[in-house]
Amino acid sequence: MERTQIKNISNKEIDSSFLISGWVEKVRDHGGVIFLDIRDASGLMQVVVEPDDKDLFKKSESIRMSYVLEVTGILRKRPKGTINESLASGELELVSKEIDILSKSKPLPFQLDEHAKVGEEVRLKYRYLDLRRPEMQSNLKIRSQVNHIVRSHLIEDEFIEIETPMMARATPEGARDFLVPSRLYNQKFYALTQSPQLFKQMLMIGGFEKYFQIVRCFRDEDTRKDRQPEFTQLDIELSFISEEEILKISESLIKRIFFETLNIEFDDFQRIKYQEAIKDYGSDKPDLRNPLKLVDVKDIFENSSFKVFADPAKNEKARIVALKIEQEISRNKIDEYTKFVGNFGAKGLAYIKVNDSTDLDNGLQSPILKFLSKEEISSLVERLELSSGDTVFFGADHRNVVNDSMGSLREKLGEDLNLIDKEAFKFGWITDFPLFEEDIQGNLSPSHHPFTASQGGLKELKRDPANAVAKAYDLILNGSEIGGGSLRINSLDEQLEVLSILGIDKKEADEKFGFFLEALSYGCPPHGGIAFGLDRLIMLLCKQESIRDVIAFPKTQSATCLLSDAPSLIDQDQLDMLSIKVLEEDK
RNA sequence: GGACCGGUAGUUCAGUUCUGGUUAGAACGCCGCCCUGUCACGGCGGAGGUCGCGGGUUCGAGCCCCGUCCGGUCCGCCA
């Protein structure tokens, strides 16, 4: 008899015979009758073992959880009063006639049922067991569905899926590379690609006008809950295209993914210029579900006698913001938040509690009140529209410190005070990024990557690189950056100029990516694209806290695989073949 | 590179500080017996612990101190 998947057993076929196979999820042995819950990839079915067949019954008494069985039996309706409403097959059961034990199982190291909490360490060590849990099955099914939607959507739109090398040459800039030693050329190494950036640009030069790829990327940087050393991008690039068109194409793809997986429809995504995002949220990837906004108050303190505010008020690279909470915050909590902003370089966290907004002389409470003038206080009350019960936090420092610390505090308060609708998906496009980022020392580095075109072109780039605006954009969702892209430089002169601003002269540029610079000089179409972090997107889609829950075999925070114990030591023979000598220990 | 939280039975945890003290507990799981309609079945009984590891303090350490490893969250980093 052929196997039938559990989901395909329907009411219509009562009294006929079926063969099902799967894992024993639960055994309920009542002495005189035994129930076995059998699960396959498609569903769950209750198998009944009745006592009339003595041999079968005896055999069944030895069956334990997680045994793999093949059961032949007659399908019947469950007796009245024994129907399980919470089960798809809850009105049915299979009365066993024959049971084959295909594989026994030791007791599992942890319970798979939804009621048992299990630590991630054990789950990762026995990932193959963890993957049997319905939640993991569902996450990876959705992931497969998303891949499928991406491919159909883009191929219907005449995109071409092209694979690019994973073993490439190391390039300067960007993240640390994972290196692959070359056996044939000792002393030489490949680098695993951090992204197919240059290859996809050369595909445009190669005449493919619409490219995409679902591609693994590698970056040797420390992990986070939404970052691990190998991750998957949906990479897209088009020629003869405008920023507007790329945003439209991306948006329709993302909307289709959410519609076909979760049946949710969205209005057009909100667009926010980078400078606006920083001004309102202190972040270029704000969680738009969070209603809190930063308010600039620098001008109020220009002539202040309070040094902590007065100094930044006079410094053009500094920023002073207020963050108003319409709630009272306890001293304990304020201390916690003070420590929290300290992580981002803030030297303290000034606050004012508004006990009675009608009495500015006695109704406010704060250690900084004695330093503030009446005019300053009433300006604050007016600008922040303070009312009784409010708490206001202040950040005053170099603008980077203020943006990082107060932006993060905004997110944390949103979480702590339950201001965020966990069910909602809030997308946004962040546009008009600066071409370069300036650190506190004033050094420039690419804010996207060094192949990004600027809005002002070569002239403006030469005149004022620090303020050049890029043709670059990010897609954000619920506080995560889930995609980012740009229009690319398609002229050799502009490309060389950007590299030189970054401190890479012509000689080094030729040495490190001369191949690409040469490609630019043989008729390069205007082009641009975007890359989405698929792991992150799917994590959010599946309402998971970590990308590890949407990756079948993820790495830990310290970049190891607990299942296979990678990375591992290598035999001397293998090292010799690669002409590699391993130093005894870290210096 | 740094900060913080955690590591006690197969699993999830309590016990750990203020206050070190005879035999380290619970629940689930596991094993045995009983049970003919359960579905997180039920009842009775039982087994199960290098308290992450190493060192120190002490008459005595799961508990205090130092170091270290592992897991997690974050800062730096991630063009």
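Reading the values: rules and limits
- Residues numbered from 1 in each chain as written.
- Chains lettered and ligands numbered in written order.
- Predicted model: local features only at pLDDT ≥ 70, side-chain atom pairs only at ≥ 80, totals over all residues.
- Heavy atoms only, no water.
- Pairing = 2+ DSSP bridges.
- Helix = DSSP H or I, 4+ residues; strand = E, 2+ residues; numbered from the N terminus.
- Axes fitted to C-alpha atoms, helices over the stretch in contact; angles between N-to-C directions.
- Parallel < 35°, antiparallel > 145°, perpendicular 65-115°, else oblique.
- Left-handed = near helix turned anticlockwise from the far one by under 90°.
- Contact = heavy atoms within 4.5 Å.
- Nonpolar A, V, L, I, M, F, W, Y, C, P; charged D, E, K, R; others polar.
- Near = heavy atom within 4 Å.
- Polar contact = N/O pair within 3.5 Å; in protein donor to acceptor, adjacent residues only side chain to side chain.
- Phe/Tyr/Trp six-rings, centres within 6.5 Å; stacked < 30°, edge-to-face > 60°.
- Buried < 20%, exposed > 50% of the residue type's maximum accessible area, 1.4 Å probe, protein only.
- Lys NZ or Arg CZ within 6 Å of the ring centre and 35° of its normal.

J.: For this particular structure, what's the right way to read the sheet that holds strand β7 (residues 167-168)?
T.: Strands pair in a sheet through their backbones, by hydrogen bonds, and they do so in one of two ways: parallel or antiparallel. One open sheet holds the three strands; their spatial order is β7-β9-β8, and the pairing between them is antiparallel. Looking at which strands have only one partner, the edges of the open sheet turn out to be β7 and β8 (179-181). Note: β7 against strand β9 (residues 189-192), two bridges, orientation antiparallel. What sits directly across from alanine 168, in β9, is alanine 191.

J.: Help me out: how do you make sense of the packing of helix α9 (residues 331-342) against helix α11 (residues 399-416) in this one?
T.: Two quantities define a packed helix pair, namely the angle between the helix axes and the distance between the axes. Running from amino to carboxyl end, α9 crosses α11 at an angle of 140 degrees, the nearest separation of the two axes being 10 Å. By the angle class used here, α9 and α11 are oblique. Where α9 crosses over α11, the handedness of that crossing is right-handed. Here α9 contributes Lys333, Glu336, Tyr337, Phe340 and Val341 to the contact with α11, which in turn contributes Ser405, Ser408, Leu409, Lys412, Leu413 and Asp416. Of the residues belonging to the contact of α9 with α11, the class tally is five nonpolar, two polar and four charged.

J.: Honestly, the protein's contact with RNA strand B in this entry has me stumped. Any pointers?
T.: With respect to spatial proximity, 53 residues lie near RNA strand B, and among them Lys26, Thr82, Glu93, Glu221 and His448 are the closest. Among the atoms of RNA strand B close to the protein, meaning within 4 Å, 52% are from sugar or phosphate groups. One nitrogen or oxygen atom from the side chain of arginine 224 is found 2.9 Å from a base nitrogen belonging to RNA strand B. Lysine 225 is positioned with one of its backbone polar atoms (N or O) 3.4 Å from a phosphate oxygen of RNA strand B. Residue assignment for the surface near RNA strand B shows that the elements contributing at least two residues are β1 (17-29) and α2 (120-125). Residues of the surface near RNA strand B, tallied by class, amount to 15 nonpolar, 20 polar and 18 charged.

J.: For this particular structure, what's the right way to read the packing of aromatic side chains?
T.: Both the distance between ring centres and the angle between the ring planes are used here to describe each pair of aromatic rings. For the coordinates displayed, the defined rule picks out 17 aromatic pairs. With a centroid separation of 6.1 Å and 85 degrees between ring planes, the pair formed by tyrosine 337 and phenylalanine 393 is classed as edge-to-face. Residue tyrosine 337 is located in helix α9, and its partner phenylalanine 393 is located in strand β17 (residues 391-398); the two are separated by 56 residues in the primary sequence. In this structure phenylalanine 393 comes out as buried when scored by relative accessible area, which is 0%. Among the aromatic side chains, those forming a connected cluster through ring pairs are Phe258, Phe266, Phe269, Phe425 and Phe427. Above the face of the phenylalanine 269 ring, lysine 255 is positioned so that its terminal group lies 5.5 Å from the ring centre. Taking NZ or CZ as reference, lysine 412 lies 5.3 Å from the ring centre of phenylalanine 340, over its face.

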